[in-house]
Amino acid sequence: MNERLHSVLAQRGVSPESLAELCEVDPKTVGRWLGGRLPHPRHRFSVAQHLRVEETFLWPASHPRVSRPGTGLGAELVGTYQNRASVPRDTWLSLLRESRQQIGVLVFSGTFFAQSNPHVAKMLAERAAEGVRVRLCFGDPTGTAVAIRGREEGIGDTLSAKIRASLTYYRSLLSETGCEVRLHDTTLYTSMFRYDDDLLINPHVWGQPASANPLLHLRRADAAGWFDNYAQSFDAVWAAARPWTPDQEGTVTHGQN
């Protein structure tokens, strides 16, 4: 059973019969895809295009986790989205659940990360209990970078308030072995969400919220690729960031406005 294909069809409101018509195949063929059969490459491409989802999400077994040497930097780009909201929720959840080594998040507020998944802290704690290193890095609500970004977006102190509200979701992680939460005061050009060798990068356009900008899905191919360049910048910001100490931040509770 291809649960991911079932889920995306339900999310998009597309029936198997409609998908068959869009892909110009017999409805029984779509039934076999839903049952777990791997479609022909041209049909996989067509399905992913019509459902606005990555082909590698629907059929991960058809793509090796690491690209062949010598295929070029572009081999690491496995998917693009118009904005963060275009990424299916199941993609975020499956990447988190399937991580075995590390999870890293670099954002200013990352409000959506918890609001789109109320159980994110519990899930991160579970991954950490399985030996996954969890690193969450948010903007320092008292820092210069956040103040500048707030002015550039025309929202003033609202960004600081969003960061404080977002942080409250992760207070429970501070006592979990393998979980760390830090605050950075860095000009952030790109938000990053790393799950082992998968990296979702969200470039920032001046004056616009990160959520309104494109998102790219990279998969590590070799040490000279895009993936490692972004991963190294994450590590640099992380090294300069300070540990989050809730009692000194004056964070708000979920019940406050």
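In this text, all values refer to a predicted model and were calculated from it rather than measured experimentally.

1. Some words on the packing of aromatic side chains
For the coordinates displayed, the defined rule picks out eight aromatic pairs. Relative to Phe113, the ring of Trp92 has its centre 6.4 Å away and its plane inclined at 80°; by these criteria the two rings are edge-to-face. On the criterion of sequence distance, the pair formed by Trp92 in helix 6 (residues 89-98) and Phe113 in helix 7 (residues 111-115) is long-range, its members being 21 residues apart. A relative accessible area of 10% means that Trp92 is categorised as buried. Judged by its relative accessible area of 6%, Phe113 falls in the buried class. Consider the rings of Phe112 and Phe193, whose centres lie 5.6 Å apart with planes at 80°: the pair is edge-to-face.

2. A few points about the environment of Pro16
Within the secondary structure, Pro16 sits in helix 2 (residues 16-23). Judged by its relative accessible area of 30%, Pro16 is partly exposed. Distance from Pro16 to Trp33, taken between C-alpha atoms, is 9.8 Å for residues 17 residues apart in sequence.

3. Side note on the confidence of the model for the chain
For any part of a model where pLDDT is low, the fine detail of the predicted coordinates should not be relied upon. Summarising the model, the chain shows a mean pLDDT of 86, and 89% of its residues fall at 70 or more. This model gives residues 64-73 a pLDDT under 50, and the stretch forms twelve contacts once residues within four places in sequence are excluded. Predicted confidence for residues 250-257 stays below pLDDT 50, and this span has 13 contacts to residues more than four positions away or in other chains.

4. Here we look at the pairing of strand 7 (residues 215-219)
On a regular strand, one side chain projects to one face of the sheet and the next to the other, so that they alternate. Within strand 7, four of the five residues are buried, which leaves the element mostly enclosed by the surrounding structure. For strand 1 (residues 77-81) and strand 7, the ladder comprises four bridges, and the chain directions are antiparallel. Residue Leu77 lies in a different strand from strand 7, and its bridge partner there is Leu218. Bridge count between strand 6 (residues 198-203) and strand 7: four bridges; the pairing is antiparallel.

5. A word on the nonpolar core
Judged by nonpolar contacts, the single largest core of 51 residues is most densely connected at Trp92, Phe113, Leu124, Leu136, Phe138, Tyr170 and Phe193. Looking at this core, the element that brings in the most residues is helix 8 (residues 120-129), giving six residues. Here Leu136 is in contact with Val105, Leu124, Tyr170, Leu173, Glu180, Val181, Arg182 and Trp238, once residues within four sequence places are set aside.

6. With respect to the pattern of salt bridges
Per the counting criterion, the structure on display carries ten salt bridges. Between Asp235 and Arg135 there is a salt bridge; the shortest N-O distance is 3.2 Å. A residue pair is termed long-range when its members are at least 10 positions apart, and Asp235 in helix 11 (residues 226-240) and Arg135 in strand 3 (residues 133-139) qualify at 100 residues. Owing to a relative accessible area of 35%, Asp235 belongs among the partly exposed residues under this scheme. Arg182 is the partner of Glu180 in a salt bridge, and the nearest nitrogen-oxygen pair spans 3.2 Å.

7. Quick look at the sheet that holds strand 6
Read from one edge to the other, the open sheet built from eight strands follows the order 1-7-6-5-2-3-4-8, with strand pairing classed as mixed. Of all strands in the sheet, those bounded by a partner on one side alone are strand 1 and strand 8 (242-243). Bridge count for strand 3 against strand 4 (residues 179-184) is six bridges, and the pairing is parallel. Bridging from a neighbouring strand, Cys137 pairs with Arg182 of strand 4. Each of strand 1, strand 2 (102-106), strand 5 (190-195), strand 6 and strand 7 is contacted by helix 6, which is oriented at about 50° to strand 5, the strand it contacts most.

The rules behind the values
- Residues numbered from 1 in each chain as written.
- Predicted model: local features only at pLDDT ≥ 70, side-chain atom pairs only at ≥ 80, totals over all residues.
- Heavy atoms only, no water.
- Phe/Tyr/Trp six-rings, centres within 6.5 Å; stacked < 30°, edge-to-face > 60°.
- Helix = DSSP H or I, 4+ residues; strand = E, 2+ residues; numbered from the N terminus.
- Buried < 20%, exposed > 50% of the residue type's maximum accessible area, 1.4 Å probe, protein only.
- pLDDT = per-residue confidence, 0-100.
- Contact = heavy atoms within 4.5 Å.
- Pairing = 2+ DSSP bridges.
- Core = buried A, V, L, I, M, F, W, Y, C linked by side-chain atoms within 4.5 Å.
- Salt bridge = Lys/Arg side-chain N within 4 Å of Asp/Glu carboxyl O.
- Axes fitted to C-alpha atoms, helices over the stretch in contact; angles between N-to-C directions.

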